[in-house]
Amino acid sequence: MVDKKPLLQINGNRRALSMQLTEHRNILFVVDGLLVFVSLLVGLWLGAQRSGWDFSMQLVGQYLPWFAAIALVYFVLASANDAYRLRVAADTAASFLAIGKTVLQIFAVYLLIYALFPPWFLPRHFMGFFTLIAPILLLSWRRVYSSMFVSVFQRTAIVVGAGWAGETIAKTLQEFGSMHFKVVGFVDDDPAKQQLRLHGVPVIGTTSELPGLVEAQGVTDIVMAISRDVPGPVLARVMDCYEHGVQVSTMPELYERFTERVPVEHVGDNWFVVLPLNGNSRNLTFRLVKRVVDVLVALVGLAIFGVMLPALALAIKLDSPGPVFYRQRRVGRGGQIFELVKLRSMVTDAEKDGAARWAEKYDARVTITGRFLRRTRLDEIPQLLNVLRGEMSLIGPRPERPEFMAELQAKIPFYRTRLTVKPGLTGWAQVNYDYGRSVVDALEKLRYDLYYIKHQSVRLDLIIALKTINTILLLKGV
């Protein structure tokens, strides 16, 4: 019998304490939920005292449904405000902003309900006390998390491959995950790359030295940044490390997890990383729910828009001559061409020579009224007609013009993947990235669009909708 002596000893303490990224999020969810419940309980007790009510288990039992509803709203709004993005959770200042916005938004909704439908069954000061207590408890917890959990449970990684993909993931981890991941070095078999430093990270050896380096550095993770086929000997060494408790991830997988984007240009031969093979777009239940919501929201939105239209039409006409509505050909699901409807925000001869142009940040073709319409996104509301006709959805990648599609498909790999779902009135790229003005912008937006297509769900759609509302209220449109 052959004695298989391991190539590395287990650096037990380090790997035993290292936590998966999903575990970090789960802990944040659980502790946040407990602290929200405690804040509500204390708020109810103080509110009952101020209102002259008897505080008892019976009273608590009566308000448990309210506790559950408020906690659910908290989680939805906190997610929309990025409180569960790991780089936000690990940053006390960023957490303060995210949690502060969330609690204030809950309080604002409560005040609106109280003004319109005074809830006589709630202690008067209940939510006021919750608004004061919750941020203190939640931010104290986040401070503990950032100082203890992140430092104690931080993962250390070696990146296999010091090429373009390796540099990108090292830079990404420094920017998005430095509190959770520390890259100690690269390994690469190219002699020209030995002793180089890339983004401050050294090339510390070749792949033949990988097991020894993993042990010496106390490494918990290996990141594969090789886009071509992995040679057999390299794979064998990686598997030796994996068998002894080292986590192995691919560059696209880790990049996607931290940035919520798909690294289109770095997938190499791993085309399956990009395509939404198991996405909800194929799920009948999800598609039915999405369509019902699309139709209901479109009907309500168009009814409200009908009331606003006379004033908006007058403002457009007084600002510049021309029609109120603007129609433009766009590419929909499966490459089908449809006519998108918008309120006109540019002068009528914006493309008088017939050549399609990318919009610019301070585009001189945009009218004064049009600038307001774009900032508030009111110019997009007529597209609810496209939603009602089934050409678009409320949430999805923005539809592109046919004139730009050929250019983008030729220059950007997998660009047609956007056409596997219906285009949307708003989308993941719209709430995370600025207005697209070039092929470079189109590539960046594609990264976000592919992430949405792969991970689309009711929860993600709700987050996008809330982020869009926030964009409208803060006049962040362009």
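Here's what I pulled together on the structure shown here. Position numbers for residues count from 1 along each chain, tracking the sequence in the order it is written. Where totals are concerned, whole chains, interfaces and linings use all residues; where local detail is concerned, this predicted model gives features only for residues with pLDDT of at least 70, and gives and counts side-chain atom pairs only at 80 or more. Water and hydrogen atoms were dropped before computing side-chain values, which therefore reflect all heavy atoms in the structure.

Secondary structure elements follow DSSP: runs of H or I of four or more residues count as helices, runs of E of two or more count as strands, with numbering from the N terminus. Looking only at helices and strands, the chain features 17 helices and 10 strands. Between two residues, a contact is recorded if the distance between any of their heavy atoms is within 4.5 Å. A separation threshold of at least 6 residues defines the contact pool for the chain, and within that pool the share at least 24 residues apart is 74%. If you sum the accessible surface of the chain, you get close to 23,700 Å²; carbon and sulfur atoms cover 63% of it. Areas reported here follow the Shrake-Rupley algorithm with a probe of radius 1.4 Å; residue values treat only the protein chains shown as occluding.

A few words now on the pairing of strand S8 (residues 337-343). A simple rule labels every residue: compare its accessible area, found with a 1.4 Å probe on the protein chains alone, to the largest value its type can have, and call it buried under 20%, exposed over 50%, or partly exposed in between. The buried fraction of S8 is high, at 5 of 7 residues. DSSP bridges decide pairing: two strands pair if at least two such bridges lie between them. Sheet analysis places strand S7 (residues 325-331) next to S8, joined by 7 bridges and oriented antiparallel. The residue bridging Arg 330 from the neighbouring strand is Phe 338, located in S8. Connecting the antiparallel pair S7 and S8 is a turn made up of 5 residues, with Gly 334 showing a positive phi of about 70°.

Quick look at unusual backbone geometry now. The phi dihedral of Asp 82 is positive, around 70°, even though this residue is not glycine. With respect to the helices and strands, Asp 82 occurs in the loop between helix H3 (57-80) and helix H4 (86-89). Residue classification places Asp 82 among the buried residues on the basis of a relative accessible area of 18%. Phi at Arg 377 takes a positive value of approximately 65°, unusual for a residue other than glycine. Relative to the helices and strands, Arg 377 resides in the loop between helix H12 (368-376) and helix H13 (384-388).

Next up on the list: the packing of H3 against helix H5 (residues 92-116). Direction vectors running N to C along H3 and H5 enclose 135°, while the axes themselves pass 9 Å from each other. Taken together, H3 and H5 sit at an angle that is classed as oblique. The hand of the H3/H5 crossing is right-handed. Packed against H3, whose contacting residues are Ile 70, Val 73, Tyr 74, Leu 77 and Ala 78, the element H5 presents Ile 99, Thr 102, Gln 105 and Ile 106 at the interface. Polarity classes work like this: nonpolar for Ala, Val, Leu, Ile, Met, Phe, Trp, Tyr, Cys and Pro, charged for Asp, Glu, Lys and Arg, and polar for all others, with Gly in that last group. When its residues are assigned to classes, the contact of H3 with H5 shows 7 nonpolar, 2 polar and no charged. Think of each axis as a best-fit line through the C-alpha atoms, taken over the contacting stretch in the case of a helix, with angles from 0 to 180 degrees between the N-to-C directions. Roughly parallel refers to an angle under 35 degrees, roughly antiparallel to one over 145, roughly perpendicular to one between 65 and 115, and oblique to any angle outside these ranges. In this scheme the handedness of a crossing depends on how the near helix is turned from the far one: anticlockwise by less than a right angle means left-handed, clockwise means right-handed.

Core analysis: the largest hydrophobic core is formed by 57 residues, its most contacted members being Tyr 74, Phe 130, Ile 169 and Phe 186. If we skip the residues at most four places from it in the chain, Phe 186 touches Val 159, Gly 161, Ala 162, Gly 166, Glu 167, Ala 170, Leu 198, Val 201, Pro 202, Val 203, Ile 204 and Gly 205. Among the buried residues, those of types Ala, Val, Leu, Ile, Met, Phe, Trp, Tyr and Cys that are joined through side-chain atoms within 4.5 Å form a nonpolar core. Core analysis: the second largest hydrophobic core is formed by 36 residues, Leu 340, Phe 404, Trp 428 and Leu 443 among them.

A side-chain nitrogen of Lys or Arg and a carboxyl oxygen of Asp or Glu constitute a salt bridge if their distance falls within 4 Å. One pass over the structure, following the stated rule, counts 17 salt bridges. Of the charged contacts, one joins Glu 444 and Arg 447 as a salt bridge, the two residues approaching to 2.0 Å between their closest N and O atoms. With Glu 444 and Arg 447 both in helix H16 (residues 439-455) and 3 residues apart, the pair spans about one turn of that helix. Residue classification places Arg 447 among the buried residues on the basis of a relative accessible area of 10%.

What follows is about the sheet that holds strand S3 (residues 197-198). If you trace the 6 strands from one edge of the open sheet to the other, you get S3-S4-S2-S1-S5-S6, paired in mixed fashion. Every interior strand has two partners, whereas the edge strands, S3 and strand S6 (247-250), have only one. As defined by bridge partners, strand S1 (residues 155-160) adjoins strand S5 (residues 221-224) across 4 bridges and the pair is classed as parallel. Within the sheet, the bridge partner assigned to Ile 158 lies in S5 and is Ile 222.

For the rest of this paragraph, the subject is the packing of helix H11 (residues 284-319) against H12. In the contact formed by H11 and H12, the axes pass within 8 Å of each other and the chain directions differ by 140°. Considered as vectors, H11 and H12 are oriented oblique to each other. Taken together, the residues of H12 that come into contact with H11 (itself represented by Leu 312, Ala 315, Ile 316 and Asp 319) are Ile 368, Thr 369, Gly 370 and Leu 373. Residues belonging to the contact of H11 with H12 are distributed by class as follows: 5 nonpolar, 2 polar and 1 charged.

Covered by surrounding structure in S5 are Asp 221 and Val 223 together with Ile 222 and Met 224, the residues of both alternating faces. This β-α-β element, S5 to helix H9 (residues 232-243) to S6, shows right-handed connectivity. Handedness of a crossover is defined as follows: with both strands directed away from the viewer, a clockwise route from the first strand across the helix to the second makes it right-handed.

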